[in-house]
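Here is what each chain is made of, one letter per residue.
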Amino acid sequence: EIRKLENLLLLSMENNRLTGKIPTELRMLKTLVALSANSNKLTGSIPTEIGELKNLLGIELGANDLTGEIPTDFQRMKLFELHLYDNRLIGQIPLELGELEDVKVIDVSSNQLTGSIPTEFGNLPMTDFDLSSN
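I will try to describe carefully the structure that is included in this document.

Criteria and thresholds
Here the residue numbering is sequential within each chain, running from 1 through the sequence in written order. For a predicted model such as this one, the threshold for reporting local features is a pLDDT of at least 70, and the threshold for listing and counting side-chain atom pairs is 80 or more; totals across whole chains, interfaces and linings nevertheless cover every residue. As a rule here, side-chain values cover all heavy atoms of the structure and leave hydrogens and water aside. For patches, a residue must show more than 30% relative accessible area and have no salt bridge; joins then use 9 Å for like charges and 5 Å for nonpolar side chains, namely Val, Leu, Ile, Met, Phe, Trp and Tyr. The accessible surface values rely on the Shrake-Rupley method and a 1.4 Å probe; as for residues, cover is taken only from the protein chains in view. Salt bridges are identified by distance alone: a Lys or Arg side-chain nitrogen within 4 Å of an Asp or Glu carboxyl oxygen. Charged residues are defined narrowly, with Lys and Arg counted positive, Asp and Glu counted negative, and His plus the chain ends left uncounted. A charged residue contributes its charge at one atom only: NZ of Lys, CZ of Arg, CG of Asp or CD of Glu. Secondary structure is summarised from DSSP: a helix means a run of H or I of at least four residues, a strand means a run of E of at least two, and numbering begins at the N terminus for each. Two strands make a pair as long as DSSP finds a minimum of two bridges between them. Here, residues are in contact when the closest pair of their heavy atoms is within 4.5 Å. Throughout this description, a polar contact denotes any pair of N or O atoms lying within 3.5 Å of each other; where both atoms belong to protein, one of them has to be capable of donating a hydrogen while the other can accept it, and for residues adjacent in sequence the pair is counted only when both atoms sit in side chains.

## Here we look at a negative patch on the surface
- A contiguous patch of negative charge on the surface is contributed by Glu99, Glu101, Asp102 and Glu120.
- When you line up the elements, Glu101 lands in the loop between strand 8 (88-91) and strand 9 (105-107).

Right under this line is the structure:
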């Protein structure tokens, strides 16, 4: 059971053949600072429950088969990096991402996002913002 990993800081599951949905039980990992599951075969939407992880500094969910919209609950975190590239995410880039005061990298490239870049992004301390191939 994932809740028994209550002191876990880093959850790295990159470059595997993991399938299925991202478990909502991840919200139980209150000490987690980095979630990395790039390059798998994860499906479904990104659970909004991830937004409950206030200590999370990095989310890496690129190169999967995730669908739906980018959750708006990420603004509650102190994210430095958000990697959601190469999925099938749709909709607009949430305005709430403009509230990520410490974010340095946002990569939402190679999805199916539409709309304009939120003006709030002009106030972010980003060094890398990639939304190519949308």
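## Re the pairing of strand 4 (residues 41-44)
- Where strand 2 (residues 19-21) lies against strand 4, 3 bridges are found, and the strand directions are parallel. Bridge assignment links Thr19 to a residue of strand 4, and that residue is Lys41.
- In the sheet, strand 4 pairs with strand 6 (residues 65-69) via 2 bridges, with the strands oriented parallel. If you follow Gly44 over to strand 6, its bridge partner there is Leu66.

## Section: the environment of Asn40
- With respect to the helices, strands and loops of the structure, Asn40 is situated in the loop between strand 3 (34-36) and strand 4.
- Sequence separation of Asn40 and Glu81 is 41 residues, and the distance between their C-alpha atoms is 19 Å.
- Non-local contacts of Asn40, meaning those with residues more than four positions away in its chain, are made with Met13, Glu14, Asn15, Asn16, Arg17, Leu18, Ala63 and Asn64.
- Reaching out from Asn40, the side chain makes a polar contact with the backbone nitrogen of Asn16 at a distance of 3.1 Å.

## Some details on the pairing of strand 8
- The pairing of strand 6 with strand 8 spans 3 bridges and is parallel. Each bridged residue has a counterpart across the sheet, and for Glu69 the counterpart in strand 8 is Ile90.
- Of the pairings in the sheet, the one linking strand 8 to strand 10 (residues 112-113) comprises 2 bridges and is parallel in character. Each bridged residue has a counterpart across the sheet, and for Gly91 the counterpart in strand 10 is Leu113.

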